[in-house]
Amino acid sequence: MPILSRADTSVVGRWWWSIDRVMLTALILLVGIGYVLALAATPATNIALSDPRTMVMIKQIVYLAVGAFVMIATSMLDLKQVKLAALGIGIIFLILTAFTLVHGVVIDGGRRWIALPGFTIQPSEFLKPALIIATAWLLAERRRTPGFPGMMAALGLNGLVLLMLLRQPDVGSTALVASTFLVQLFLDGLNVYWVGIAVAGFGAAGFAAFEFIAHVHMRVMLFLHPTKDKAYQAITALSAFGNGGLWGRGPGEGQVKHYLPDARADFVFAVAGEEFGLIVCLGIILIFAVIVLRGLARILRETDLFVALAASGLLVSFGLQAFINMASSLSLIPTKGMTLPFISYGGSAVLAVGLHMGFLLALTRKRNHAERAAERGAGATMQDRVA
Amino acid sequence: MTKAPHPDQMPPHVPRRSGAWNTARNPGAPEQGATPRVEHVRITTPDLARRAALGVLQKRMVFGLVGFLLIYGILAGRLIDVSVINPTRPDAAAIAAELPRTNILLPPPARAEITDRNGVILAVSLPGAALYANPKQIGDPGEVARQIAAVIPALDPGWLESRLADRKRDFVYLDRGLTAEQELAVNQLGIPGVYFEDIEHRHYPEGDLAAHILGGVTPDQRGIAGVEQYFNKTLTADPATPLRLSIDIGAEGIVRQETLQAMTDYDGIGACGIVISARTGRVLAMASLPDYSAGDLGSAPANDRFNRCVSGDYEPGSVFKLMTLSMAINSGMIHYWDRFDTTHPLHVGRFTVTDFEPAHIWMAVPHILEVSSNIGASRIATILGPDIQRAWLKKLGFFGKPPIQLPEAQPAMYHPKSNWKLLTTMTVSFGNGIAMSPLQLISAVVPVVNGGIYYKPSLDDAGPPPAGVRVMSAKASLIMRKMMRNVVVAPNGTGVYARVPGYLVGGKTGTAQVVGPGGRYMKHLNNASFMAAFPMTNPRYVVYVVVLQPHATKKMMPFCHGFTTGGYVAAPAVANIIARIGPMLGIMPRSGDALASAQAALSIPVDPTAPPGRSALGPGHMFPPGASKYAYMLAGEKPPAAIDEAAHDAALARTEMWQPLGATAETISAPSAPIIGGAVSHQTMNVTPPFTHAGG
């Protein structure tokens with residue numbers, strides 16, 4: 001670990017002394033676990049570059065490295081740069097997400113992907129953190145600048161994104177984005193009455209999805225009435241945990257993983273359970289909990305509304321996504337295709353979550369008074385106390 | 001937050017105490033009596049709203065904290081539940097399907113096993129490999145040949161190199177019998193252009209035991225000798241069903257060992273040992289020496305491959321007197337109490353027939369067998385004449401091939417009818433001038449001892465017991481058994497060394513001259529044999545050992561005194577065989593009263609008198625009615641003008657007796673009860689074998 005002087009005023013020096021190092025450590029740990037599981041979830045095979053399975057594994061390791069790099073680079077941004085970056089990324093990926101509706105690659109019945117040479121990306125993954133930051137900005141700006149139609153803009157923006165996600169269709173992302181937005185509104189001080197209406201609306205939307213979207217209906221019915229034939233994936237995932245037990249069967253010794261569908265992505269937690277056991281899985285849950293709870297607790301001390309809203313939105317989105325993935329593997333909720341951040345397979349997802357948590361780290365950095373004042377922009381003239 | 005917060009982090013106050021938001025007081029000033037001082041603190045409305053919102057956010061954040069704590073707690077609880085408290089067991093079948101297959105199923109063999117009668121495997125096909133090469137792909141034939149020869153020493157590097165250098169071909173076999181170890185070693189050499197072919201190997205786990213019976217297969221797994229050839233179609237048509245032979249591999253081993261012992265003791269050039277069931281004609285053991293390891297058929301020398309038991313024709317010598325005497329007694333023209341002139345040698349043309357130990361007496365039939373009198377046998381054969389003799393021999397299988405399941409079986413050698421006159425009749429009577437395989441001889445002795453039932457010799461143990469054919473009267477057979485027993489028990493008998501305590505062995509020696517390359521008998525060379533059956537009360541097995549061209553070796557000289565006759569060379573081997581296989585076959589030696597009464601039932605006087613009311617041949621009454629003209633010629637008398645054709649024809653009819661029996665219990669019991677009486681039933685109970693061997 002480089003010894004950096006507190007007096008070091010370079011970008012790296014200031015970054016090192018202002019970053020939330022506990023959260024950074026937790027995130028790097030997750031990347032490490034993701035690396036180990038990239039090996040574990042890959043079918044046993046010889047290391048041979050001619051073997052596509054080896055290539056898949058190596059690609060994932062490269063993505064993890066790039067994702068970690070993106071995260072650290074992003075975390076070095078200051079607030080203004082965060083906003084600008086989010087704005088830029090948000091605009092680009094909003095357009096790309098819209099583009100998927102026209103010219104997307106269909107995978108597993110969802111038109112969510114854009115094919116690039118040697119790489120497919122899911123633009124909505126990158127849109128998510130940008131949307132959260134933009135929403136926070138709009139909501140905070142509303143308070144700062146009377147008459148700024150922040151709420152309407154936030155509603156409009158989120159509504160547009162949700163509509164596009166539903167059209168793909170990507171019910172999971174829709175629910176996640178909607179939940180995150182709802183939490184942001186709630187934290188922003190939305191009237192409890194409206195919160196009740198929003199939750200009710202959320203429930204109604206869920207029921208509508210169950211009623212009118214065939215595969216959602218099927219998944220929920222399978223969750224409620226699992227049978228060995230139909231709920232094969234869920235029961236197989238559970239048997240992976242059962243097979244692993246307390247200490248797991250050992251790295252590479254997984255048996256269920258060979259026939260567990262989607263073991264590398266949506267059910268990677270089951271693979272971890274089989275090979276590394278309950279203790280390691282509890283550790284993974286603990287890391288996610290530390291990241292989310294510590295992050296939220298720190299927001300309690302935050303004086304900047306934008307930062308508080310953005311950081312809490314990013315944390316909630318991250319925490320919920322992890323929960324949904326793990327809860328699906330554990331049959332706590334109907335199976336829902338959602339990746340486990342940093343751990344599931346997928347280049348696009350790893351880069352996006354790197355960006356996501358990079359924003360979070362940037363937002364939760366300690367800022368001194370001058371910075372804070374500067375970050376309030378025009379508020380330089382505004383002083384808490386005037387002698 | 002217990003510490004005093006930094007002013008910037010203080011929750012924005014919305015002072016209510018004084019009613020106005022700008023009545024802040026100088027911090028630290030006492031409440032009472034302080035000098036009030038108005039401060040102007042400017043906070044914009046949006047800023048204030050922002051601060052208010054932050055306050056709400058912080059309060060509401062608690063829900064977020066609690067909520068996440070809750071859902072992650074549930075997650076952890078559920079994880080513990082499904083991992084260790086109520087673990088779901090993985091689907092064993094699904095896991096098994098993912099595992100690499102370790103039990104690679106071997107293809108079923110293409111050739112059935114061959115077993116002995118107890119199911120012991122004698123021949124089995126196992127998967128193996130053949131090594132071949134494509135010479136066009138071989139870079140350096142010399143180097144490759146050296147490498148392969150280093151791993152398979154049996155291959156000659158020069159031969160290998162010449163094969164590998166044959167660039168006109170693209171397929172040459174290098175070794176068609178690789179062991180698994182050799183296959184691995186060659187594979188590890190990693191020579192391009194050298195390949196393996198999955199083939200089958202025929203293995204013969206018993207090595208040289210029964211090698212001649214089993215025969216062998218070609219590298220293509222086609223039977224080329226023995227039962228492998230004879231049953232080739234059966235073995236390949238139904239590979240799942242083993243071919244069960246009548247051989248008992250334990251008995252086979254004993255017979256081979258004892259025969260080999262006799263052969264080496266007397267430095268013979270070859271030997272045969274056969275044990276055949278007297279009740280079914282099935283061969284229990286058959287060993288031809290010298291032999292070879294069954295798997296090495298291709299490389300064994302021709303002399304070793306030669307199956308002397310079925311392919312070699314040997315003059316039987318005096319053993320053949322059993323044929324002559326059984327024929328004579330069965331014909332009714334001769335009775336055991338008849339006496340014949342053995343007072344002087346017989347001269348016919350330039351030949352002289354003498355006895356080994358001339359007695360110069362008129363000898364009765366049991367005595368003739370006991371001392372093996374050639375003169376006596378000649379007299380008897382000439383009385384019956386060549387017609388009856390030929391009919392008898394033909395009936396018992398001497399004029400053809402032995403009907404055994406071996407392709408190597410060869411026909412006997414005998415004189416044509418036109419040549420079969422006085423001299424041939426005489427010499428054949430004591431086993432010269434006719435040659436047959438040992439198996440033919442032993443299968444003709446079976447009816448002589450078993451009560452008169454002929455069985456085709458057989459190696460096949462499958463199916464019902466073979467049907468017998470009555471070829472002679474039970475009464476004649478009984479007399480033959482008594483006389484054979486006498487050969488062994490008589491103090492001067494030739495077969496005294498065949499005695500086995502308690503087994504009631506009876507038999508006959510044979511010491512045949514050897515026909516040399518020029519068709520002449522060779523001086524000082526003979527084949528020594530002994531034909532035995534046991535127990536003579538109701539024979540179970542017939543045993544025959546012949547040692548070819550034995551020599552009186554230094555080692556055996558104290559025992560044989562220079563003689564290489566059947567009584568010295570072969571009889572001890574037969575005795576050893578019987579003593580060793582008897583208990584194995586469930587035949588226990590008898591002793592005490594049982595032995596004495598059985599022996600009493602088998603005794604026959606060497607110098608019998610005719611029963612009351614019957615006349616005996618003898619001095620002054622030399623020829624029975626119907627005697628052939630050769631008897632008169634031999635006696636130097638003029639034959640009567642008219643031979644008694646009726647008596648001759650009646651004797652011929654009895655000689656040609658051929659009454660097939662149903663394959664019923666009658667066949668098995670035929671030789672027993674009516675012949676011996678009480679002693680037999682006693683014995684039958686004693687000897688019931690523990691095996692299920694049909695008829696055994």
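Residues numbered from 1 in each chain as written. Chains lettered and ligands numbered in written order. Predicted model: local features only at pLDDT ≥ 70, side-chain atom pairs only at ≥ 80, totals over all residues. Heavy atoms only, no water.

Caption draft 1: Just the overall build of chain B, in detail. A tally of helices and strands in chain B yields 25 helices and 21 strands. Taken over 696 residues, chain B has a buried fraction of 52%. Taking all contacts inside chain B whose residues are at least 6 apart in sequence as the whole, residues at least 24 apart take part in 73%. By element, 58% of the accessible surface of chain B is carried by carbon and sulfur atoms, the whole surface being about 31100 Å². (Helix = DSSP H or I, 4+ residues; strand = E, 2+ residues; numbered from the N terminus. Buried < 20%, exposed > 50% of the residue type's maximum accessible area, 1.4 Å probe, protein only. Contact = heavy atoms within 4.5 Å. Areas by Shrake-Rupley, 256 points an atom, 1.4 Å probe, with all protein chains shown as cover.)

Caption draft 2: How the structure looks around the packing of helix H8 (residues 192-212) of chain A against helix H9 (residues 214-224) of chain A. Residue and element names in this part refer to chain A. Packing of H8 against H9 leaves a shortest axis separation of 5 Å and a crossing angle of 100°. Comparing the axis directions of H8 and H9 gives the class roughly perpendicular. Contacts from Ala209, Phe210 and Phe212 of H8 reach H9 at Ala214, Val216, His217, Val220 and Met221. Residues belonging to the contact of H8 with H9 are distributed by class as follows: 7 nonpolar, 1 polar and no charged. (Axes fitted to C-alpha atoms, helices over the stretch in contact; angles between N-to-C directions. Parallel < 35°, antiparallel > 145°, perpendicular 65-115°, else oblique. Nonpolar A, V, L, I, M, F, W, Y, C, P; charged D, E, K, R; others polar.)

Caption draft 3: How the structure looks around a nonpolar patch on the surface. Together, Leu246(A), Trp247(A), Ile279(A), Ile80(B), Val84(B) and Ile85(B) make up an exposed nonpolar region whose accessible area comes to about 550 Å². It is helix H1 (residues 45-85) of chain B that contributes the most residues to the nonpolar patch, 3 residues altogether. Its place among the elements puts Ile80(B) in helix H1. (Patch = residues over 30% accessible without salt bridge, like charges linked within 9 Å, V, L, I, M, F, W, Y side chains within 5 Å. Salt bridge = Lys/Arg side-chain N within 4 Å of Asp/Glu carboxyl O.)

Caption draft 4: How the structure looks around the pairing of strand S8 (residues 270-277) of chain B. Residue and element names in this part refer to chain B. A large share of S8 lies buried, amounting to 8 of its 8 residues. Alternating positions in S8 separate into two faces, Gly270, Cys272, Ile274 and Ile276 on one and Ala271, Gly273, Val275 and Ser277 on the other, with burial throughout. Looking at chain direction, S8 and strand S20 (residues 541-548) are connected through 8 bridges and run antiparallel. When the sheet's bridge partners are listed, Gly273 is paired in S20 with Val545. In terms of strand pairing, S8 meets strand S9 (residues 283-289) through 6 bridges, oriented antiparallel. Residue pairing across strands places Val275 opposite Ala285, the latter belonging to S9. (Pairing = 2+ DSSP bridges.)

Caption draft 5: Quick peek at the interface of chain A and chain B. Taken together, the 62 residues of chain A in the interface contact 43 residues of chain B. Summed over both sides, the interface between chain A and chain B buries roughly 4700 Å², with carbon and sulfur atoms accounting for 71% of that surface. Applying the counting rule to chain A against chain B returns 0 salt bridges. Counting across the interface, chain A meets chain B through 7 residue pairs in polar contact (both at pLDDT 80 or more). Looking at the side of chain A that touches chain B, the elements with two or more residues in it are helix H5 (123-144), helix H7 (171-187), H8, helix H10 (232-244), helix H11 (268-299) and helix H12 (305-329) of chain A. The residue inventory of the side of chain A that touches chain B, partitioned by class, reads 39 nonpolar, 15 polar and 8 charged. (Buried area = accessible area lost by both parts, 1.4 Å probe. Polar contact = N/O pair within 3.5 Å; in protein donor to acceptor, adjacent residues only side chain to side chain.)

Caption draft 6: Structural detail: the confidence of the model for chain A. Averaged over every residue, the pLDDT of chain A is 83; the share at 70 or more is 87%. Across residues 377-387 of chain A, where pLDDT falls below 50, the model places 7 contacts with residues more than four positions away in sequence or in other chains. (pLDDT = per-residue confidence, 0-100.)

Caption draft 7: A look at the confidence of the model for chain B. For chain B, the mean per-residue pLDDT works out to 84, and 88% of the residues sit at or above 70. Considering only residues more than four positions removed or in separate chains, one finds that residues 14-25 of chain B, a stretch of pLDDT under 50, has 11 contacts.

Caption draft 8: Fine view of the environment of Thr280(B). Residues and elements named next belong to chain B. For Thr280, the position within the fold is in the loop between S8 and S9. Within the structure, Thr280 has its side chain in polar contact with the side chain of Ser277 (distance 3.1 Å). In this structure the side chain of Thr280 is engaged in a polar contact, spanning 3.1 Å, whose partner is the backbone nitrogen of Arg282.

Caption draft 9: Representation of the nonpolar core within the structure. Counting 119 residues, the largest nonpolar core has Leu27(A), Phe269(A), Phe288(A), Ile291(A), Met326(A) and Tyr72(B) as its most contacted members. The element that contributes the greatest number of residues to this core is H11(A), accounting for 18 residues. Core analysis: the next-biggest nonpolar cluster, separate from the first, contains 105 residues, Ala123(B), Val217(B), Ile329(B) and Leu459(B) among them. (Core = buried A, V, L, I, M, F, W, Y, C linked by side-chain atoms within 4.5 Å.)

Caption draft 10: Main features of helix H2 (residues 21-40) of chain A. If you check H2(A), its first and last C-alpha atoms are 28 Å apart, about what 20 residues at 1.5 Å a residue would give, namely 28 Å. Every buried residue of H2(A) is listed here: Met23(A), Leu24(A), Ala26(A), Leu27(A), Leu30(A), Val31(A), Ile33(A), Gly34(A), Leu37(A), Ala38(A) and Ala40(A). (Expected span 1.5 Å × (residues − 1).)

Caption draft 11: Local environment of the sheet that holds strand S19 (residues 521-534) of chain B. Residue and element names in this part refer to chain B. An order of S9-S8-S20-S19-S18 is seen for the 5 strands of this open sheet, with the pairing classed as antiparallel. Looking at the sheet topology across the chains shown, the edges are occupied by S9 and strand S18 (506-515). Between one strand and the next, the sheet's axes are offset by a mean angle of 10°, whatever the strand orientation. Strand contacts of helix H9 (residues 249-265): S8, S9 and S20, with the helix running at about 35° to S9, the strand carrying the most contacts.

Caption draft 12: Looking closely at the packing of aromatic side chains. Enumeration according to the criterion identifies 25 aromatic pairs over all chains in this entry. Taken together, a centroid distance of 6.1 Å and an interplanar angle of 40° make the contact between Tyr454(B) and Trp658(B) tilted. Taken together, the residues Tyr454(B) in strand S16 (residues 453-454) and Trp658(B) in the loop between helix H22 (645-655) and strand S21 (659-660) connect sequence positions 204 residues apart. A relative accessible area of 8% places Tyr454(B) in the buried class. Across the ring face of Trp16(A), the terminal group of Arg21(A) is positioned such that the distance to the ring centre comes to 4.9 Å. (Phe/Tyr/Trp six-rings, centres within 6.5 Å; stacked < 30°, edge-to-face > 60°. Lys NZ or Arg CZ within 6 Å of the ring centre and 35° of its normal.)

Caption draft 13: Just the UniProt feature "transmembrane region" (unreviewed entry) in chain B, in detail. Within this numbering scheme, the UniProt entry marks residues 61-80 of chain B as carrying the feature "transmembrane region" (unreviewed entry). In residues 61-80 of chain B, helix accounts for 100% and strand for 0%; the two terminal C-alpha atoms are 28 Å from one another. (UniProt positions renumbered as here; feature names shortened; annotations may be inferred.)

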